[in-house]
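What the coordinates show
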Amino acid sequence: MTALLDVVNLRTSFPTPSGLVRAVDGVNLKVEPGGSVGIVGESGSGKSVLSLTIMGLVACPPAIITADKIEFEGRDLSHASQAQWRGVRGNRLAMIFQDPMTSLNPFLTVGDQLAEPLIVHRQASAADARNKAKELLQRVGIPAASERLDAYPHQFSGGMRQRVMIAMAMACEPALIIADEPTTALDVTVQAQILDLMREIRESAGTAFVLITHDMGVAAGFCDEINVMYAGRVVERGSTRSIFRDPRHPYTKALLESVPRLDDPPGGRFLPIPGQPPDLTSLPVGCSYAPRCRWVQPGCLETAPTLVPVENDPARTKACFVDMADPKGQV
Amino acid sequence: MKSIISTSAFPVLQVDSLRVLFDQGRDRATGKRRILRAVDGISFELGKGETLGIVGESGCGKSTLARAILRLVPIASGSVTLSLDGKSTRVDQQEGSSLRGIRRHLQMVFQDPYASLNPRMTVGDILAEPLIIFNIGSRKDRMGMVQDLMKEVGLDPKHVLRYPHEFSGGQRQRIGIARALALNPQVLLCDEPVSALDVSVRSQVLNLLLDLQERRGLSYLFIAHDLAVVKRISHRVGVMYLGKMVELASSDDLYAHPQHPYTQALLSAIPVPDPEIERSRERIILSGDLPSPSDECVGCAFASRCRQVMARCREVMPILERKDADHQVACHLYPSESIQA
C-alpha cells in the first residue's frame, strides 16, 4: 500500500533579526490511508509549523521551506504553485484549526461557509451545496440543522463551532484531515464529545488523521502512531502502545513522567523537566535536549543524533545515543 | 502522605453563602432584567496550611469566586471571614483603607503571567511595589527583601533590573508568585496558576507552590480546570457547576468515589496518558453544552445534562449536604435520610 502522505526531510525556517529560527528541522512523516498519526510536543517544538507547511499555508518568502519530498496521494507538492495548492486544500486534504472562535468568518453564515468548498471544488450549484451543508451539520451532531444554516458563528458555542469546523473539513470527503490542537480551546466534557465525533468519522468514512496535540492523554486515546517532537525535530516515533509503555528517548520518558495523571495517588511532588525549552535561534551543537537530559553523555554535546531504528523493534525509531537501560555514567 | 487537616479547628478563611450577581440589563424580548448568577450561594472553610482545589468548566464561576473573596468584584450577599491570630475580620464589610489592609493577608496569583505583570516595570519594581504601598522598610531594606523573595521563588537576584519580557513563561509565573508573597500573606488565591505553562515547566511551578506551603504554612485556594493537577496538590476538592458547589470532599475520596453525576462525567472525560486504559475505560459523554448561567433555573442546574435525572430534579434545587465526615454532595440521588445513615 502506498502512503497517503509522504514527507521526507522537511525543513521550515524563518529569518528573524536574532537569527534563523529552524522551526521544523528535517522531519519525515508518513501517513497510511485511514491511519491516525499523532504529533506531540510542547509549544515551540514546531508541531504547528509542520502541519501548516504540509497544508501549504506557510508564506514563502519570508519562510524558507525545503523538502526532498512532500507527496500526497502520489502528487508531489513540494514545488506546487498556489493554484495547485488551492486544488488540494479543503478538497482531499483538509484542516481543523485550534481556535474555533477565530477560524470561522464572522461575517458569513455557517451555511455559506460550509457551501464554499463544495462550490469551489465540486462545482456544486448553490442549492445542492446548501443541501449538502445541511447534511454535514446533521452529520456532526448539530440539532435543528436547517435553521442553524443561516446562523452566524457567534451564535454557536465553542463546541458547536468546532463541530462546524469539522463539518467544513469533511465537506469534500478528504482523504486526510490535519487537526491542530482541535480540542485545546474546549472544556473537558466538550473535548470528549469532539474526540468521539472524530473517532466516528475515522471509522465510518475511513479518513486519515494527523492529530497535533500537547495533551498526551488525547494522543493516547486517538492515535495509532506517535511522533514526539522537540526543537523542530522528531526525537522518537513508534506505535502508541510502545511509546507509552516503554519510552526509549529521555525526553519522551520525562514528558510522560511530568504529566500528572488522574490515576496517580494524591499528594507527592511533581516530576519536572529541569530547565527551559531551547531557544530555536541558538540551538546547541549536539542534541537539543542535552542541556536538560538526565542521561547526557559527553558525545551528546558534540553531534546531533539522527532518528535510527531501535534494536529489536524495527517499528520504533529514536534520535538518541544513550541506552536508558544501561546509561554509562548516569548522574 | 498528607493528612486531612481538620478544617474546623483552624479555619483561616470562611466563606458563607457567597453570591455574586451580574446585571445584564433588560431582555429585549420580554423586558425582564437578566441576572447572571456567577456565584450562587457558595460556602466553604479553608484551614491553615490547607489547599482547597476548585474545579469546574469555563463559565462555572470559579474565577469570579476568587475575585469576590478578594473583593475585586462586588458581593451581592453572603460573608467572607478571615481569621488571623484568633482575630476574625469580615472581609465583605471592609471598605477603603481597611479593605486594603486585609488584602495584605489575602493575595492572588493570576493565570496569565504575560498579562498580569506590568511590562514597563523591572522585576525589582514589581516586587517592591507592595512593600512601598504598605510603607514597609527603607529603600535599602526593600532592596534586600526583593532579593530574598527572588531567591525564595528560584529566580536569580542578579536579574532584578530585567523586564518581564526577558523572562520565560515559567519564570514570569515565579515573579507573579513572588509578588503575591511580598507582604507575607496567609492565604493565596491561585487562579489557574499553571494553565498557561508548558507541561515540563508546569511541574516546576507546582513544586514551588508545594515548597512555599511547607515553609510558610500558606493556605491555598487552588482554582484549575486540570483535575489531575488539582488531585495531586489539594487536600480537599470542590466541584463547581453554574455558580454552585455540587460536591466537596477530600481529594482521595472525591477521585475514588465521586458521587455527583457531574463529577463522575467530568472525571471520565479526562484523557489518561495510557493507551490501554484510555481505550478500555467507560466514558460518560455529556450531551449538549453548559447552559447559560443567566437562564432562570428552578431545579438542579445539571438536570438538563444529567443521565440519572428524576422528576424531582427539575422541581427542587438540591442543596449541598454532608454524606459523611468529609464528603458533601448536592444531588437528589442521595436523599438526606441516607446521608445521615
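Each chain carries its own residue numbering, running from 1 in the direction its sequence is written. Lettering for chains starts from A, numbering for ligands starts from 1, and both go in the order in which the items are written. A pLDDT threshold of at least 70 governs which residues receive local features in this predicted model, and a stricter bar of 80 or more applies before side-chain atom pairs are shown or counted, although totals over entire chains, interfaces and linings include all residues. As a rule here, side-chain values cover all heavy atoms of the structure and leave hydrogens and water aside.

What to know about the sheet that holds strand 1 (residues 11–26) of chain B
Residue and element names in this part refer to chain B. Note the cut-off: Pairing between strands is defined by DSSP: at least two bridges between the two strands are required. Each helix corresponds to a stretch of at least 4 residues labelled H or I by DSSP, and each strand to a stretch of at least 2 residues labelled E; elements are numbered beginning at the N terminus. What counts as an axis is a line fitted to C-alpha atoms, over the stretch in contact for a helix, and the angles between N-to-C directions run from 0 to 180 degrees.
Here we have four strands laid out as an open sheet, ordered 2-1-4-5, and antiparallel in their pairing. Two strands lie at the open edges of the sheet, namely strand 2 (33–47) and strand 5 (87–90), each paired on one side alone. If you compare each strand with its neighbour and ignore which way they point, the axes differ by 20° on average. Note: strand 1 against strand 2, 11 bridges, orientation antiparallel. Bridging from a neighbouring strand, leucine 13 pairs with leucine 46 of strand 2.

Topic: the interface of chain A and chain B
This is how it is decided: Two residues form a contact once any of their heavy atoms are found within 4.5 Å. Buried area counts how much accessible surface, traced with a 1.4 Å probe, disappears from two parts once they are put together, with both parts' losses summed. Think of a salt bridge as a Lys or Arg side-chain nitrogen and an Asp or Glu carboxyl oxygen that are within 4 Å of each other. Pairing of N or O atoms within 3.5 Å defines a polar contact, subject to two protein rules: one partner must be a possible hydrogen donor and the other a possible acceptor, and residues neighboring in sequence count only if both atoms are side-chain atoms. Amino acids are sorted into nonpolar (Ala, Val, Leu, Ile, Met, Phe, Trp, Tyr, Cys and Pro), charged (Asp, Glu, Lys and Arg) and polar (every other residue, Gly among them).
The interface is formed by 49 residues belonging to chain A together with 46 residues belonging to chain B. Interface area, chain A with chain B, both sides summed: about 4200 Å², of which 54% is carbon and sulfur. Three residues, Leu262, Arg269 and Phe270 of chain A, lead the burial of chain A against chain B; their summed loss comes to 20% of the area buried on that side. Taken together, chain A and chain B are joined by six salt bridges. Taking the shortest distance from any N to any O, the salt bridge between glutamate 214 of chain B and arginine 269 of chain A comes out at 2.8 Å. Taken together, the links from chain A to chain B amount to 19 residue pairs in polar contact (both at pLDDT 80 or more). Within the residue set of the side of chain A that touches chain B, elements represented by two or more residues are helix 7 (188–205), helix 8 (216–222), helix 9 (240–245) and helix 10 (250–258) of chain A. Of the residues contributing to the side of chain A that touches chain B, the split by class is 23 nonpolar, 13 polar and 13 charged.

Description of the pattern of salt bridges
Residue and element names in this part refer to chain B. The line we're drawing: The buried label goes to any residue with under 20% of its type's maximum accessible area, the exposed label to any with over 50%, and the partly exposed label to all in between, with areas taken from a 1.4 Å probe on protein chains only.
Within the structure shown, the criterion is met by 35 salt bridges over all chains. Measuring nitrogen to oxygen at the nearest pair gives 3.0 Å for the salt bridge that ties aspartate 40 to lysine 244. Note that aspartate 40 is positioned in strand 2 and lysine 244 in strand 10 (residues 244–250), a separation of 204 residues in sequence. A salt bridge links glutamate 57 to arginine 305, with the shortest nitrogen-to-oxygen separation between them at 3.8 Å. In this pair, glutamate 57 sits in the loop between strand 3 (51–55) and helix 1 (62–69) while arginine 305 sits in the loop between helix 10 (275–280) and strand 11 (321–324), placing the two residues 248 residues apart along the sequence. For glutamate 57, a relative accessible area of 3% translates into the label buried.

A closer look at the packing of helix 3 (residues 110–122) of chain A against helix 6 (residues 158–170) of chain A
Residue and element names in this part refer to chain A. We count it as follows: When an angle is under 35 degrees it counts as roughly parallel; over 145 it counts as roughly antiparallel; between 65 and 115 it counts as roughly perpendicular; any other value is oblique. By definition, turning the near helix anticlockwise from the far helix through less than a right angle yields a left-handed crossing, and turning it clockwise yields a right-handed one.
The geometry of helix 3 relative to helix 6 is characterised by a closest axis approach of 8 Å and an angle of 25° between their N-to-C directions. On the basis of their axis angle, the class for helix 3 and helix 6 is roughly parallel. Remark: the crossing between helix 3 and helix 6 carries right-handed chirality. Here Val110, Gln113, Leu114 and Pro117 of helix 3 lie close against helix 6, whose contacting residues are Val164, Ala167 and Met168. For the contact of helix 3 with helix 6, the class distribution of residues is six nonpolar, one polar and no charged.

Some thoughts on the domain arrangement of chain A
Residues and elements named next belong to chain A. This is how it is decided: Where each domain starts and ends comes from a domain assignment, either automatic or drawn from a database.
Under the domain assignment, chain A is made up of domain 1 (1–92 + 175–261 + 269–278) and domain 2 (102–171). For domain 1 and domain 2, the distance between their C-alpha centroids amounts to 26 Å. Of the residues lining the interface, 16 residues belong to domain 1; the matching set on domain 2 comes to 12 residues. Between domain 1 and domain 2, roughly 1100 Å² of surface is buried when both sides are summed, and carbon and sulfur atoms account for 60% of that area.

A few points about unusual backbone geometry
In most cases, non-glycine residues show a negative phi, while peptide bonds are predominantly trans. Residues cysteine 60 of chain A and proline 61 of chain A are joined by a peptide bond in cis, for which omega reads 0°. Mapped onto the fold, proline 61 of chain A is located in the loop between helix 1 (47–54) and strand 4 (64–66). For the peptide bond that leads from proline 61 of chain A to proline 62 of chain A, omega is 5°, which places it in the cis range. Relative to the helices and strands, proline 62 of chain A resides in the loop between helix 1 and strand 4. One non-glycine residue, glutamate 73 of chain A, lies in positive phi territory at about 50°. With respect to the helices and strands, the residue glutamate 73 of chain A is situated in the loop between strand 5 (69–72) and strand 6 (75–76). With relative accessibility at 36%, the residue glutamate 73 of chain A sits in the partly exposed group. Phi is positive for asparagine 135 of chain B, close to 60°, though the residue is something other than glycine.

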